[in-house]
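Architecture at a glance
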Amino acid sequence: MGTEENIQEEIQIFPLSKGKRFVAFAADFALVFVIAFALFHLAFYPLCSYASNLYGEQEQCLKAQKERDLVLYGNKLLFYEEGKSDREPSSYSANLVYTCSVYVSSLLGKSSSEGDVLRTYFVDLRKDEGRYLDFIKTKDTATQFFDYSPLALKPQYAEEFAPFYEVGNAPSKKGEEDYQKFQKEFFLPSYGAMIQEIGKEDLTYEGISYVEKQNEVASFNAKSNGIVLLSAGLAETVSLSIVFLVVPLLSKTRKTLGMLFLRRERVRVDGLTLVRKRTLPLHFLYALFANAGLLFLLPWPIVSFNELFAIPSLWQLSLLSLLFDLVSLFFLLFDKMDRTLVDKLTGTVMLEEEMMDALYRAKGYGE
């Protein structure tokens, strides 16, 4: 066997190509997600929910939602289509669309004036007709659907919307487009503003307070979001510990789970020696932040994406992690040794396993 200088002349060591390094990163990322997803749904979320009595309080929350919405139904601020929907909280979105239909029908004189939910709220319940007109004008500034002497839909829109309520008469394509625009740009924003005001000034029906019930729902949602965040954090931390701590500690060559599958080696740049055990916690900390973006995906489908965005700490942390990953991959694109930001911070480089085997043989190890 030759000298060390001869070995350097005979054995050429190359880092992984950019594509293979990305695959190595993606492999660990995917394994962490699969393990964390299973832990979240099969262990941590059920256990945390049971320990905090979340399932028991869920029934109370559903009851509070029904009573809160009953305040709207009872005051004729929300309607449902008999035979097609009901007063269950799950039907709220469909009933809101139906309420818009009732509202337009009332404006056209096709049904009772009670369908004008905005007038019902401001004039009948709050006794403030002047504020009702000011509210309509403010919300209609951009859309211009109304005339105001007296208050009515402009003839163009009244003519386009009328076929929706006439048997055997179909609306034109322009009529359908304008009706959707009316619903999206005027009615839903106006209704939302009305609900926000009710949430501040309160409204009652048969002794039930809207604000009181809304606060009960909000309290449960805050607790539920906390359980989701805690469960996701625990699941990811345990998953990362398995992939980046437990497996490397058990592996003689300090390999992560993804590196074992792909037959990759992570070595120190200064000497091509194995990563020291004492540096593994540092690799784990970097991995903890680099993989935090998974937190946003773990609760799905138990929690819908819309609900996940209602947990600011969850999506904000995920966004920061994603930015960190993009910066790390940016380093990969321009680094001469094809290293990510984490590789540079830890002073390591990733190689093919066969390349390290060749180096060990050349040095006489294992002979």
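See the structure above.
Residues numbered from 1 in each chain as written. Predicted model: local features only at pLDDT ≥ 70, side-chain atom pairs only at ≥ 80, totals over all residues. Heavy atoms only, no water.

**Points about unusual backbone geometry**
One can expect most non-glycine residues to show negative phi and most peptide bonds to be in trans. Look at the link from S149 to P150: it is a cis peptide, with omega at 0°. Its location among the elements puts P150 in the loop between strand 1 (146-148) and strand 2 (151-153). For the bond from W300 to P301, the omega torsion is 5°, close enough to zero to count as cis. For P301, the location among the structural elements is in the loop between helix 11 (280-290) and helix 12 (305-308). Backbone geometry places Q144, a non-glycine residue, at a positive phi of 55°. Mapped onto the elements of the fold, Q144 is located in the loop between helix 6 (129-139) and strand 1. The class for Q144 is partly exposed, based on a relative accessible area of 39%. (Helix = DSSP H or I, 4+ residues; strand = E, 2+ residues; numbered from the N terminus. Buried < 20%, exposed > 50% of the residue type's maximum accessible area, 1.4 Å probe, protein only.)

**Some words on the nonpolar core**
Within the largest apolar cluster, 36 residues are counted, with the highest numbers of intra-cluster contacts made by F182 and Y191. Put simply, the parts of the chain that give this core at least two residues each are helix 3 (54-74), helix 4 (92-107), helix 5 (117-125), helix 6, helix 7 (155-161) and helix 8 (173-201). A per-element tally of this core places helix 8 first, with nine residues. Those residues within four positions of F182 in sequence are excluded, and the remaining contacts are C100, Y103, V104, L107, F145, F146, L153, F161 and F187. (Core = buried A, V, L, I, M, F, W, Y, C linked by side-chain atoms within 4.5 Å. Contact = heavy atoms within 4.5 Å.)

**A short note on helix 6**
Every buried residue belonging to helix 6 is among Y132, F135 and I136, and all of these are buried. Buried residues in helix 6, looked at end-on, bunch into an arc of 95°, giving them a common side. (Arc of directions from axis to C-beta.)

**So, helix 9 (residues 210-250)**
For the α-helix, the turn length of 3.6 residues means that residues three or four positions removed from each other point alike. With 41 residues, helix 9 extends 58 Å between its outermost C-alpha atoms, agreeing within 8% with the 60 Å of an ideal straight helix rising 1.5 Å per residue. When the local axis directions of helix 9 are compared, the greatest deviation, roughly 40°, occurs at I242. Two to three positions downstream of the cap, the backbone nitrogen of V211 sits 3.5 Å from a side-chain oxygen, assigning the N-cap of helix 9 to S209. (Expected span 1.5 Å × (residues − 1). Bend = angle between axes of the 7 residues up to and from the residue. Polar contact = N/O pair within 3.5 Å; in protein donor to acceptor, adjacent residues only side chain to side chain.)

**As for the pairing of strand 5 (residues 264-268)**
Where burial is concerned, most of strand 5 is hidden: five out of the five residues are buried. Along strand 5, one buried face is formed by R264, R266 and R268 and the opposite face, lined by E265 and V267, is buried too. Direction of pairing for strand 5 relative to strand 6 (residues 348-352): antiparallel, over a ladder of five bridges. In the sheet register, E265 faces strand 6, and the bridge partner there is L351. (Pairing = 2+ DSSP bridges.)

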